[in-house]
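Structure assessment
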Amino acid sequence: MVVPPTFSDLGKVAKDVFSKGFSIGSNKLTVKTKTSSGISLSPAFELKNDGLIASFETSGSPAEGFTLKEKWTSENITKTNLIVEDKIAKGFKCELEVCVNAASGKKGAVAKTAFKTDGFNGTFDANLDLAGPTLNSTAVGEYNGIQAGAEVEFDTEKSKLNKNVLAVGYSQNDFSFVGFVKDMSLFEGLVHHKVCDNTEIAAKLDWNNQTSGCSFNFGAKHILDKATALRMKIDCSGKNHHVCHP
């Protein structure tokens with residue numbers, strides 16, 4: 001048996017066909033380096049809508065099984081993550097994320113846990129809001145390529161169910177399919193097929209049973225050589241994008 005993907009990664013190969021490489025109107029530069037002591041440094045710059053956004057991220061491991069990350073952005077927001085992995089149990093990961101906005105003085109923290117083993121992958125997150133945390137839980141199971149999963153988000157302050165999503169799918173070497181039912185009203189299907197080593201295609205179908213609205217998208221990616229790839233996508237209205245990039 002294999003470890004299934006997390007719930008957010010279900011259908012990822014199809015989603016990447018529609019999203020990766022289509023960052024039109026923005027330019028991003030990321031530099032990654034690592035010191036001899038094992039500390040990773042990563043400055044990033046993004047020019048979007050005539051505005052420059054910069055960030056600087058560092059990460060290191062103070063001890064085996066522990067990872068400490070620190071990120072600062074040009075908007076004066078700092079984010080600190082302490083990650084403990086495979087210490088409590090094999091496949092178990094817990095993380096504390098603290099975010100501080102120096103400009104507004106707003107502070108926030110999120111506790112995250114994850115557990116993965118053969119045939120199962122689950123997560124449980126909670127923002128540490130004193131007024132009442134919001135709880136988010138996901139679970140994915142897989143057997144012989146058949147995948148099933150669910151995501152639930154509950155606001156304890158308002159005693160309200162914010163999100164409920166069910167998913168079922170199937171995956172093999174060159175083909176994958178996943179269907180989502182979101183809040184019992186929106187249905188989404190994703191199909192991906194790897195035609196050959198250089199070519200892959202994907203299709204996406206959305207249907208809303210409240211508005212009876214339906215949309216269809218088709219995308220493809222073809223690797224021309226080791227440095228260049230051609231991507232395209234088209235929707236049911238005829239709107240299409242074509243990108244050639246390294």
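Along each chain, the written sequence defines residue order, and numbers are assigned to residues from 1. The predicted nature of this model means local features are confined to residues of pLDDT at least 70 and side-chain atom pairs, given and counted, to a pLDDT of 80 or more, with totals for whole chains, interfaces and linings taken over all residues. Hydrogens and waters are ignored; side-chain quantities use all the structure's heavy atoms.

1. Section: a nonpolar patch on the surface
- Patches draw on residues past 30% relative accessible area with no salt bridge. Two like charges within 9 Å are joined, as are two nonpolar side chains (Val, Leu, Ile, Met, Phe, Trp, Tyr) within 5 Å. To be clear on the numbers: accessible area is Shrake-Rupley with a 1.4 Å probe, and residue cover counts the displayed protein chains and nothing else. In what follows, salt bridge is the name for a side-chain nitrogen of Lys or Arg lying within 4 Å of a carboxyl oxygen of Asp or Glu. There is a patch of nonpolar side chains on the surface, built from Leu 29, Val 31, Phe 45, Leu 47 and Leu 52 and spanning about 460 Å² of accessible area.
- The way it works is that DSSP assigns letters per residue, a run of H or I at least four long becomes a helix, a run of E at least two long becomes a strand, and they are numbered from the N terminus. When you line up the elements, Leu 47 lands in strand β3 (residues 40–48).

2. Examining the nonpolar core
- Of all hydrophobic cores here, the largest spans twelve residues; its members are Phe 7, Leu 10, Ala 14, Val 17, Phe 18, Val 140, Val 165, Ala 167, Val 178, Phe 180, Leu 190 and Ala 202.
- Among the secondary structure elements, those contributing two or more residues to this core are α1 (12–19), β12 (160–171) and β13 (175–182).
- When residues of this core are assigned to their parent elements, the largest contribution, three residues, is made by α1.
- If near-sequence neighbours (up to four positions away) are discounted, Val 140 is found in contact with Pro 4, Pro 5, Thr 6, Phe 7, Leu 10, Gly 119, Phe 120, Asn 121, Ala 148 and Gly 149. We define a nonpolar core as any set of buried Ala, Val, Leu, Ile, Met, Phe, Trp, Tyr and Cys residues linked to one another through side-chain atoms lying within 4.5 Å. Each residue is placed in one exposure class: buried if its accessible area under a 1.4 Å probe, protein chains only, is under 20% of its type's maximum, exposed if it is over 50%, and partly exposed if it falls in between. We call two residues contacting when some pair of their heavy atoms lies within 4.5 Å.

3. Observations concerning the pattern of salt bridges
- Counted by the stated rule, this structure contains six salt bridges.
- The shortest N-O distance in the salt bridge between Glu 151 and Lys 163 comes to 3.5 Å. One end of the pair, Glu 151, is in strand β11 (residues 146–155); the other, Lys 163, is in strand β12, with twelve residues separating them in the sequence.
- With relative accessibility at 13%, the residue Glu 151 sits in the buried group.
- A salt bridge links Glu 188 to Lys 182; the shortest N-O distance between them is 2.9 Å.
- Among the residues examined, Glu 188 registers a relative accessible area of 9% and is labelled buried.

4. Section: the confidence of the model for the protein
- The predicted model of the protein has a mean per-residue pLDDT of 92, with 99% of residues at 70 or higher.
- Residue-level confidence of the predictor is what pLDDT reports, using numbers from 0 through 100. Predicted confidence in the protein is weakest over strand β1 (residues 26–30), with a mean pLDDT of 83, and strongest over β11, with 97.

5. Looking at the pairing of β11
- Only one face of β11 is covered, namely the one carrying Gln 147, Gly 149, Glu 151, Glu 153 and Asp 155; the face carrying Ile 146, Ala 148, Ala 150, Val 152 and Phe 154 has none of its residues buried.
- In this scheme, strands are said to pair when DSSP sees at least two bridges between them. Bridge analysis of strand β10 (residues 134–143) against β11 gives ten bridges, and the strand direction is antiparallel. Bridged to Tyr 143 within β11 is Ile 146.
- Turn length for the β10-β11 hairpin, with the two strands adjacent in sequence and antiparallel, is two residues, and the turn residue Asn 144 shows positive phi of about 55°.

6. Concerning the environment of Asn 121
- Within the secondary structure, Asn 121 is located in strand β9 (residues 120–127).
- A residue is classified by how much of its surface remains accessible, and Asn 121, at 8% relative accessible area, is buried.
- Distance in space between the C-alpha atoms of Asn 121 and Pro 4 is 6.0 Å, their sequence separation being 117 residues.
- With near-sequence residues (within four places) excluded, Asn 121 lies in contact with Val 3, Pro 4, Pro 5, Thr 6, Phe 115, Lys 116, Thr 138, Ala 139 and Val 140.
- For this analysis, a polar contact is any N or O atom pair within 3.5 Å, provided that within protein one partner can donate a hydrogen and the other can accept it, and provided that sequence-adjacent residues contribute only side-chain to side-chain pairs. Side-chain polar atoms of Asn 121 contact the backbone oxygen of Pro 4, separated by 2.9 Å.

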